[in-house]
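Each chain, letter by letter, is given below.
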Amino acid sequence: MIRPDVVEYLRENLPKFPIDALRRQLYEEGVSDIDFEACLEEAQRVPTAAEKKKTAAAKAPAASNKKAKLLAGLGAALIGGVLLYALSQNEPASAPKKAAPAPTGVSSYVSPRGWVVRLPQNYVAVAAYKDDAKTVEVVHFCPRGTDPTNFLDPGLFGPLEIVRVEVERSPFPSNPTGLSEMAQTVEQRATARGEKYAMKMIHIATLPGVQLNILAPFPRVEAYVLGQRDLYFFYGGQEDDVWRGIVQSLRDAHSEN
């Protein structure tokens, strides 16, 4: 659907900002990708002389004031969005930015529990809880536009490059004994399921953990990371750049002393 206010906004700002930055900002303002494409096509079309005259005549003072306020608000938001976009391309992975704990298009996810991960470009975080008491947090990291019903089938995590994490209060103490107990428990479960796997110890910044690369009968990768307070269980289809980028970026505020 063509929205005149968006079309005019694009005409004014296309010479100033990249199209991807405008798309990202207007998406956050509630403009869908379909509407953006329609408005972009209209904005890039050269208006006829009659259309220019009609537009100029329609700009009454009161309407101009209202429009000015709208554009000023969108302009301020756009500047912030462009700055975030630029920072996401240049900022070191060790300095994640603040983000909302809900489906989001920015470059990191901050949990209400006090942990954060950095997201790959064009990824979003879809957060929920496994129980009504909100003791187990479940977050799916996926490409923007992924159908949430795909979260129900772990077999699709690999092809769709989805990574899931479940976070709950750890049953293991945050010391070498706890790590050893956790590793033993993880290995016993895999053995009991009759799976063929390779296990290795990992460290995510200050957090120790174990990773299982399960080869058969259902290939996948799992990582169990022991925090000061919480246990992080990551699940993905394969160990690739997306997996490593998300898991290795985990930072736990309770463990960062």
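Everything discussed here concerns the structure shown above.
**A word on helix H3 (residues 33-44)**
Moving on, step 1. For H3, spanning 12 residues, the distance from its first C-alpha to its last is 16 Å, which sits close to the expected 16 Å at 1.5 Å a residue.
Moving on, step 2. Of the residues making up H3, those classed as buried are Asp35, Phe36, Cys39, Leu40 and Ala43. One side of H3 holds all its buried residues, which, seen down the axis, span an arc of 130°. Along H3, exposed side chains directed more than 90 degrees from the buried face belong to Ile34 and Glu41.

**Regarding the nonpolar core**
Moving on, step 1. Counting 24 residues, the largest nonpolar core has Trp115, Phe141, Phe234 and Leu250 as the members making the most contacts within it.
Moving on, step 2. Those elements that place two or more of their residues in this core are strand S2 (115-118), strand S3 (123-129), strand S4 (137-143), strand S5 (163-169), strand S6 (196-204), strand S8 (220-226), strand S9 (230-236) and helix H8 (241-248).
Moving on, step 3. For this core, the element with the most residues is H8, which contributes 4 residues.
Moving on, step 4. Ignoring sequence-local partners within four residues, the contact set of Trp115 consists of Tyr109, Val110, Glu137, Val139, Phe141, Val165, Val167, Tyr232, Leu250, Arg251 and Asp252.

**Some points on H8**
An α-helix turns once per 3.6 residues; consequently, residues spaced three or four apart project the same way.
Moving on, step 1. For H8, the complete set of buried residues consists of Val242, Trp243, Ile246 and Val247. On an axial view of H8, the arc spanned by its buried residues comes to 115°, and they lie on one face.
Moving on, step 2. The opening residue of H8, the one whose side-chain oxygen lies 3.3 Å from the backbone nitrogen of Val242, is Asp240.

**Here's the deal with the pattern of salt bridges**
Moving on, step 1. Evaluation of the coordinates by the stated rule reveals 13 salt bridges.
Moving on, step 2. Salt-bridge contacts for Asp230 lead to Arg113; the nearest nitrogen and oxygen are separated by 3.0 Å. Of this pair, Asp230 sits in strand S9 while Arg113 is found in the loop between strand S1 (108-110) and S2, placing the two residues 117 residues apart along the sequence.
Moving on, step 3. Here Glu166 makes a salt bridge to Arg164, at a shortest N to O gap of 3.6 Å.
Moving on, step 4. Classification of Glu166 as buried rests on a relative accessible area of 13%.
Moving on, step 5. With relative accessibility at 13%, the residue Arg164 sits in the buried group.

**Considerations on unusual backbone geometry**
Moving on, step 1. A cis geometry characterises the amide bond from Ala216 onward to Pro217, with omega recorded as 0°.
Moving on, step 2. Turning to its location among the elements, Pro217 is positioned in the loop between strand S7 (207-216) and S8.
Moving on, step 3. Backbone geometry at Lys134 places phi at a positive 60°, although glycine is not the residue there.
Moving on, step 4. When you line up the elements, Lys134 lands in the loop between S3 and S4.

**Overview of the side chain of Arg164**
Moving on, step 1. Structurally, the position occupied by Arg164 is in strand S5.
Moving on, step 2. Residues in contact with Arg164, not counting those within four places in the same chain, are Val138, Val139, His140, Phe157, Phe233, Phe234 and Tyr235.

Thresholds, definitions, all that
- Residues numbered from 1 in each chain as written.
- Predicted model: local features only at pLDDT ≥ 70, side-chain atom pairs only at ≥ 80, totals over all residues.
- Heavy atoms only, no water.
- Helix = DSSP H or I, 4+ residues; strand = E, 2+ residues; numbered from the N terminus.
- Expected span 1.5 Å × (residues − 1).
- Buried < 20%, exposed > 50% of the residue type's maximum accessible area, 1.4 Å probe, protein only.
- Arc of directions from axis to C-beta.
- Core = buried A, V, L, I, M, F, W, Y, C linked by side-chain atoms within 4.5 Å.
- Contact = heavy atoms within 4.5 Å.
- Polar contact = N/O pair within 3.5 Å; in protein donor to acceptor, adjacent residues only side chain to side chain.
- Salt bridge = Lys/Arg side-chain N within 4 Å of Asp/Glu carboxyl O.

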